[in-house]
Amino acid sequence: MRLAVLPMVMAVAAGALSKYEYEVRNQQDCHAEYQARKGDILTVQYDAFLQDGTNFNTTEGYEPLNIVLGDGAVLPHWEEGLLGTCAGEQVVMVVTEDTQKVFYIMAVDVITRILKAAPSSNHHYGILLPSQGKCPEADRIRIGSLVTMN
C-alpha cells in the first residue's frame, strides 16, 4: 500500500511560509511507469474549501484542469502532491498559512505522457459532424487504461 503522507512539510509560496500535508486516497495498483512524473499532463478535477467548509473554488460544472507537472503553473505543493499518483487516485491536501487552513481534494482523471513530439504538417484534420458521416465506434477507455497514439 503506497501512502503519501508528509508530516507538515514547509514550502514557500508567494513569499509566505506555508505548511502542508497530503494523503493519496482511492489508491490504484498501477505500474511505476504509469505514475505521474515531471512533464506529464494531468487532467484533474478539484474542490477547494476554507476552514469553515465554504467551497471557494471548484471545477465542478467546468472543464477539469490540465496541469503540466514541473512547469510551475500551479502551487508547488500541488505539484509535489500529484507527483507519483496514478489515474483514478485522489489527493487530499491541507495547507496552513498563519492560522488559516485551506483544504483541497484533487481527483486525477487522466495522465497524458508525450513520448515523441508530433511532426510538423500542413495537413489539417477535423471531427465530422453527425450529419456528415459516422466514425467507427471506439473501444471504451476506463480510468487507468494505457492509451498509445501513433
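Please refer to the structure placed before this passage.
Remember, predicted model here, so these are calculated numbers, not experimental data.

### Description of the state of the cysteines
Disulfides are covalent bonds that link the sulfur atoms of two cysteine residues.
Link 1 in the chain: A complete count under the given rule lists one disulfide for this structure.
Link 2 in the chain: Disulfide pairing is shown between C30 and C86; the S-S distance is 1.7 Å. Taking the sign of the S-S torsion, -50° for the link of C30 and C86, the bridge is left-handed. Taken as a pair, C30 in the loop between β2 (16-25) and β3 (41-50) and C86 in the loop between α1 (76-82) and β6 (90-97) lie far apart in primary sequence, 56 residues in all.

### A look at the environment of A48
Link 1 in the chain: Residue position: A48 is located in strand β3.
Link 2 in the chain: Residue A48 is classed as buried on the basis of its relative accessible area of 0%.
Link 3 in the chain: For the pair A48 and I105, spaced 57 residues apart in the sequence, the C-alpha separation amounts to 6.6 Å.

### Points about the environment of Q28
Link 1 in the chain: As for its position among the elements, Q28 is in the loop between β2 and β3.
Link 2 in the chain: Distance from Q28 to C86, taken between C-alpha atoms, is 6.4 Å for residues 58 residues apart in sequence.

### Section: the packing of aromatic side chains
Link 1 in the chain: Applying the stated criterion across every chain yields a total of two aromatic pairs.
Link 2 in the chain: Each ring, one from Y46 and one from W78, has its centre 5.1 Å from the other, and the planes form 70°; the classification is edge-to-face. A residue pair is termed long-range when its members are at least 10 positions apart, and Y46 in strand β3 and W78 in helix α1 qualify at 32 residues.
Link 3 in the chain: Look at Y46 and you get buried, because its relative accessible area is 10%.
Link 4 in the chain: Look at W78 and Y104: their rings are 5.2 Å apart centre to centre, the planes differ by 80°, and that puts the pair in the edge-to-face class. Of this pair, W78 sits in helix α1 while Y104 is found in strand β7 (residues 100-112), placing the two residues 26 residues apart along the sequence.

### With respect to the pattern of salt bridges
Link 1 in the chain: Under the criterion given, the structure shown has three salt bridges.
Link 2 in the chain: Between R25 and E23 there is a salt bridge; the shortest N-O distance is 3.0 Å.
Link 3 in the chain: Residue class for E23 comes out partly exposed when judged on its relative accessible area of 28%.
Link 4 in the chain: The partner of R113 in a salt bridge is D40, with the nearest N and O atoms 2.6 Å apart. Within this pair, whereas R113 is found in the segment after β7, its partner D40 is found in the loop between β2 and β3, the two being separated by 73 residues in sequence.
Link 5 in the chain: Given a relative accessible area of 23%, R113 falls into the partly exposed group.
Link 6 in the chain: Residue classification places D40 among the buried residues on the basis of a relative accessible area of 2%.

Rules used throughout
- Starting from 1, residues in each chain are numbered consecutively following that chain's sequence as written.
- Given that the model is predicted, a residue must reach a pLDDT of at least 70 before its local features are reported, and side-chain atom pairs must reach 80 or more before they are shown or counted; all residues, however, enter totals for whole chains, interfaces and linings.
- Excluded from the side-chain calculations are hydrogens and water; all other atoms, namely the structure's heavy atoms, are used.
- When the sulfur atoms of two cysteines come within 2.5 Å, that pair is taken as a disulfide.
- Under the scheme used here, helices are H or I runs from DSSP no shorter than 4 residues and strands are E runs no shorter than 2 residues, and both carry numbers assigned from the N terminus.
- Whether a residue is buried, partly exposed or exposed follows from its accessible area with a 1.4 Å probe, protein chains only, as a fraction of its type maximum: under 20%, in between, or over 50%, in that order.
- Pairing of aromatic rings covers Phe, Tyr and Trp, the last counted by its six-membered ring, and requires centre-to-centre distances within 6.5 Å; plane angles under 30 degrees mean stacked, over 60 mean edge-to-face, and any other angle means tilted.
- Should a side-chain nitrogen of Lys or Arg be within 4 Å of a carboxyl oxygen of Asp or Glu, the pair is scored as a salt bridge.

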